[in-house]
Amino acid sequence: MFTARDENFSERVRESFGRQGFMNHLGARLLSVAPGRVEIEVDHSGDLTQQHGFFHAGVTSAVADSAGGYAGFTLFPPNSSVLTVEFKMNLIAPAAGTTLRAAGQVVRSGRTLTFCNLEASVLTARGWALCATGQQTLMCLNDRPDR
């Protein structure tokens, strides 16, 4: 469990997410925002697929990167912004489903660096199926507002 340092963390995350042109282009939406955890969903579309009709790995990775980035951002001070330093995704099953959901979960939040676990799942006829896992390192840019 984590405690946000900014009581307006959810509003700050939602405002920042609204300014992300790429997430808007994908049709992604914030599903949940909590201290140290964010979930983002995107519905299947032919524009988001690879040659077999699965969600493209770039879509899966981008949505997971944003979920983790915003999970970390929930714990950052009010007058700061977030940048991904690195992330790694393991694609463990085809992303074959009607909806892709990515979750970012903070493992450790430090003064400058924050570490997150990432997961992506797809909604299939049998329910949610894990399709990717990953790890991420974020940098808190203090005194550099997100706007």
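From a predicted model like this one, the values you see are computed outputs, not experimental measurements.

1. Observations regarding the overall build of the chain
Here's step 1: Looking only at helices and strands, one finds three helices and six strands in the chain.
Here's step 2: Each helix (α) and strand (β) of the chain, taken in turn from the N terminus, gives the series α-α-β-β-α-β-β-β-β.
Here's step 3: On the principal axes, the C-alpha backbone points of the chain span a range of 45 × 25 × 25 Å.
Here's step 4: Looking at the 147 residues of the chain, the share that counts as buried comes to 44%.

2. A look at the sheet that holds strand β5 (residues 113-124)
Here's step 1: Across the sheet, six strands lie side by side as β1-β2-β4-β5-β6-β3; this open sheet has antiparallel pairing. Pairing within the sheet leaves two strands with one partner each, and these edge strands are β1 (29-34) and β3 (80-91). On average, each strand axis in the sheet is tilted by 20 degrees relative to the strand beside it, whichever way the strands run.
Here's step 2: When strand β2 (residues 37-43) meets strand β4 (residues 99-109), the two strands line up antiparallel, connected through seven bridges.

3. Considering the pairing of β2
Here's step 1: The buried fraction of β2 amounts to five of the seven residues, a majority that puts the element mostly inside the structure.
Here's step 2: Linking β1 to β2, which pair antiparallel, is a turn of two residues; within it Gly36 sits at a positive phi near 85 degrees.

4. Overview of the pattern of salt bridges
Two side chains of opposite charge can pair, provided their charged atoms sit close to one another.
Here's step 1: With the rule as written, the count across this model stands at six salt bridges.
Here's step 2: Measuring nitrogen to oxygen at the nearest pair gives 2.8 Å for the salt bridge that ties Arg12 to Asp6. Asp6 shares its class with Arg12; the two are buried.
Here's step 3: By sharing partners, the salt bridges in this structure join Arg29, Glu41, Asp43 and Arg101 into a single network.

Criteria and thresholds
Once a new chain begins, its residue numbering starts again from 1 and follows that chain's sequence as written. Confidence filtering applies because this is a predicted model: local features only for residues at pLDDT of at least 70, side-chain atom pairs given and counted only at 80 or more, and all residues used for totals across whole chains, interfaces and linings. In computing side-chain values, all of the structure's heavy atoms are included and hydrogens and water are not. Secondary structure elements follow DSSP: runs of H or I no shorter than four residues count as helices, runs of E no shorter than two count as strands, and numbering proceeds from the N terminus. Note on classification: 1.4 Å probe, protein chains only; a residue is buried when its accessible area is under 20% of the maximum for its type, exposed when over 50%, partly exposed between these limits. Paired strands are those between which DSSP finds at least two bridges. To obtain each axis, a line is fitted to C-alpha atoms, and for helices this fit is confined to the stretch in contact; angles are then taken between N-to-C directions over 0 to 180 degrees. Any carboxyl oxygen of Asp or Glu within 4 Å of a side-chain nitrogen of Lys or Arg constitutes a salt bridge here.

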